[in-house]
Amino acid sequence: MSETFTKSMARNIYYGGSLFFLLIFLGLTMHTTREMPKTDHRENITPSVVRGKALWEENNCVGCHTLIGEGAYFAPELGNVFYRRGGGDSAAFRGFLNGWMAAQPLNVPGRRQMPQFHLTEQQVNDLADFLEWTAKIEVNQWPPNIEG
Amino acid sequence: MNTLKYQSQSVAKPYFTFALILFVGQIIFGLIMGLQYVVGDFLAGAIPFNVARMVHTNLLIVWLLFGFMGAAYYLIPEEAETELYSPKLAMILFWVFAAAGTLTVLGYLLVPYSTLAHITGNEYFPTMGREFLEMPTITKGGVVVVALGFLFNVGMTILRGRKTVINLVMITGLIGLAVFFLFSFYNPSNLALDKLFWWWVVHLWVEGVWELIMGAMLAFILVKVTGVDREVIEKWLYVIIAMALISGILGTGHHFYWLSTPEYWQWIGSIFSAIEPLPFFAMMLYAFNMVNRRRREHPNKAAVLWALGCAVMAFLGAGVWGFLHTLSPVNYYTHGTQITAAHGHMAFYGAYAMIVLTMISYAMPKLRGIGEASTNKAQVLEMWGFWLMTVAMVFITLFLTGAGILQVWLQRLPETGQAMSFMETQDKVAIFYWMREVSGVIFMIGLVVYLLNFCIDRKKAASS
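Report on the accompanying structure. (Residues numbered from 1 in each chain as written. Chains lettered and ligands numbered in written order. Predicted model: local features only at pLDDT ≥ 70, side-chain atom pairs only at ≥ 80, totals over all residues. Heavy atoms only, no water.)

### Some details on the layout of surface pockets
Gaps between atoms show up when a probe of the same size as a water molecule is rolled over them. Put simply, the test is: Whether a set of points on the 1 Å grid over the protein atoms alone is a cavity depends on a 1.4 Å probe fitting there but being unable to get out, while an open set qualifies as a pocket with protein on both sides within 12 Å along at least five of seven lines; lining residues are those with an atom within 4 Å of a point. Grid points are joined across faces, edges and corners, and a volume is the space filled by probe spheres set on the points. Helix and strand assignments come from DSSP, with helices taken as H or I runs of at least 4 residues and strands as E runs of at least 2, each series counted from the N terminus. As a working rule, the residues Ala, Val, Leu, Ile, Met, Phe, Trp, Tyr, Cys and Pro are called nonpolar, Asp, Glu, Lys and Arg charged, and the rest polar, with Gly in that last group.
Space inside the second largest pocket adds up to approximately 650 Å³. For the second largest pocket, the lining is made up of 32 residues, of which H65, P76, L78, W100 and M114 of chain A are closest to its centre. Listed by contribution, the elements that provide at least two residues to the lining of the second largest pocket are α3 (47-58), α4 (81-86), α5 (90-103) and α6 (121-135) of chain A together with α15 (422-428) of chain B. With four residues, the top contributor of residues to the lining of the second largest pocket is α5 of chain A. Taken together, the residues that form the lining of the second largest pocket break down as 21 nonpolar, six polar and five charged.

Below, the structure written as structure tokens:
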């Protein structure tokens, strides 16, 4: 770098630039949190959705699955599983999920194993409600297709 | 032989040693997971995949934190030209952090995660079960306590001594690390909001403040091993971290594409994250430039190799592999596929694992009383470790990229009805996972070879 570009100029760019963009980021984040109620449908977060999220977390589901693309890449995406396995119908999805959770582990030799989590029917229903609410968050048309 | 400028720098040694022990643990669990990718029921009862993954990623984070703290305890007194404020506090915090980390990992391994959540009272203050932030709330509290004590200790050292640019950048990065970690305590029941602020920890760490820490560490090493004028190195450091934050802060937007967020993030995220490779490119130019302009031949060739290797691999892993899937129209198809895993592996290894290993390479001979550098024989072994691990990581990344491209092709690109299911796709790409696992074994061999270098000079170290 030439001598005309001094260390103090570099320092000013660092401080000024970082601060400037940090402020923009804060502003945009604030705007985003104000816009989000329109698309995350938080009005539909029932007590059972809240319990379902707690179950999702306390069983570390994200340690194998992705949820809207984030998590581990070992098992299927569950952000849209309500549509994939429940056809978009609450009762059908609850039925499916109860059957699926009870059948684990499948014990197919060599196949990836989902553990048995010993959840009650009420708990599985809560989990189903959480996944249904999640599926209905508007996330800019992601994923590209039903397979997630 | 005493080779430390300031005696209190010696507290860095247990930090580095423990970091390397955890690194070994990380790789062992990586190998277990890698095998579970292809032999699905391998150890499925004893160590389910989610447990192995949690151990793998959490050990990575914790060993890097140990490495950063060790680096801070080593370089901050030397830069400040004064002894560490309190070596005793540094040692107490070492044991607190080591005990908390060990107990947490044992908790992951010995009881089901839901039991761990229950024992630690997660229902009263739920923060668990989110990717990378799986540790119990009480452990998170412990991390905050350790971080505060640590920042107080190094902060007081800086206040007492010479305030160099390297020290100021280092402490800014470390304070940022602690501040953004606080967002891990925010876990609203609204998943969309939860995710939005989860990224304030994850992204603003690795694509924000950690780059300051990395930049400061690299600058310190370059000053030491090249003898190039500090003014020049500090100017570069400012330019690099300016680019890192200017691109990285708004670059967070590339995580807000698919998250009930306004559409402007598609543009902001794409544009600013397209600039994110620049600081890494600059870092690479700068490392090579400084080494070419060196005014001395430092006897620690291994440390110079690590520094150059780190700059190159960080550019490839974080810069190139990050750019590969960062533009919104591309990310629409690659989000949450093996492409992400490929990028994650090379970026973490290249930028953060390697900068810590660079620091360890430079500091360990001094900390062990060997001198400026290890013996030639030990350095040769260390460099073998470098090449085996680095080449293995390149292949791990390439194989995961191959798996990811195929996954996108089979599972993401076709329309609903035509697209292959997730599990079917995984079977189709199994060959890539096998090759990744073989590369992983070579990485492990490289790590063992690397660690053996510490045995060669044992007598010399003991007699010091």
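Here the narrative resumes, following the displayed structure.
### Points about unusual backbone geometry
Residues and elements named next belong to chain A. For the peptide bond that leads from Q104 to P105, omega is -10°, which places it in the cis range. Structurally, the position occupied by P105 is in the loop between α5 and α6. Look at the link from W142 to P143: it is a cis peptide, with omega at 0°. Residue placement: P143 occurs in the segment after α6. Located in the positive-phi region is N60, a residue other than glycine, with phi close to 50°. By the element assignment, N60 lies in the loop between α3 and β1 (66-67). Located in the positive-phi region is N107, a residue other than glycine, with phi close to 60°. Checked against the element boundaries, N107 lands in the loop between α5 and α6.

### Some thoughts on the interface of chain A and chain B
Quick note on the threshold: Contact definition: two residues touch when any of their heavy atoms are within 4.5 Å. When two components associate, each loses some accessible surface as probed by a 1.4 Å sphere; the sum of these losses over both components is called the buried area. When a carboxyl oxygen of Asp or Glu lies within 4 Å of a side-chain nitrogen of Lys or Arg, that pair is called a salt bridge. Any N or O atom pair separated by 3.5 Å or less is treated as a polar contact, with the protein-specific requirement of one donor-capable and one acceptor-capable atom, and with residues adjacent in sequence counted only for side-chain atom pairs.
The partner chain B presents 88 residues to the 70 residues of chain A that form the contact. Between chain A and chain B lies a buried interface of about 6,600 Å² when both sides are counted; carbon and sulfur atoms form 64% of it. At the boundary of chain A and chain B, one finds four salt bridges. Across the contact surface, chain A and chain B share 39 residue pairs in polar contact (both at pLDDT 80 or more). Those elements that provide at least two residues to the side of chain A that touches chain B are α1 (7-35), α2 (37-40), α3, β1, β2 (70-71) and α6 of chain A.

### Let's talk about the packing of aromatic side chains
Rules: When two rings of Phe, Tyr or Trp (its six-membered ring) have centres within 6.5 Å they constitute a pair, described as stacked for plane angles under 30 degrees, edge-to-face for angles over 60, and tilted for the intermediate range. In this scheme, Lys NZ or Arg CZ marks a charge over a ring once it lies within 6 Å of the ring centre and within 35 degrees of the ring normal.
A complete count under the given rule lists 60 aromatic pairs over all chains for this structure. Every member of this aromatic cluster is reached through a ring pair, and the members are F25 of chain A together with F180, F183, Y186, F197, W200, F256, Y264 and W265 of chain B. R85 of chain A extends its terminal NZ or CZ atom over the ring of W100 of chain A, reaching a point 5.6 Å from the ring centre. Note that R53 of chain B overlies the ring of Y73 of chain A, its terminal NZ or CZ placed 5.9 Å from the centroid.

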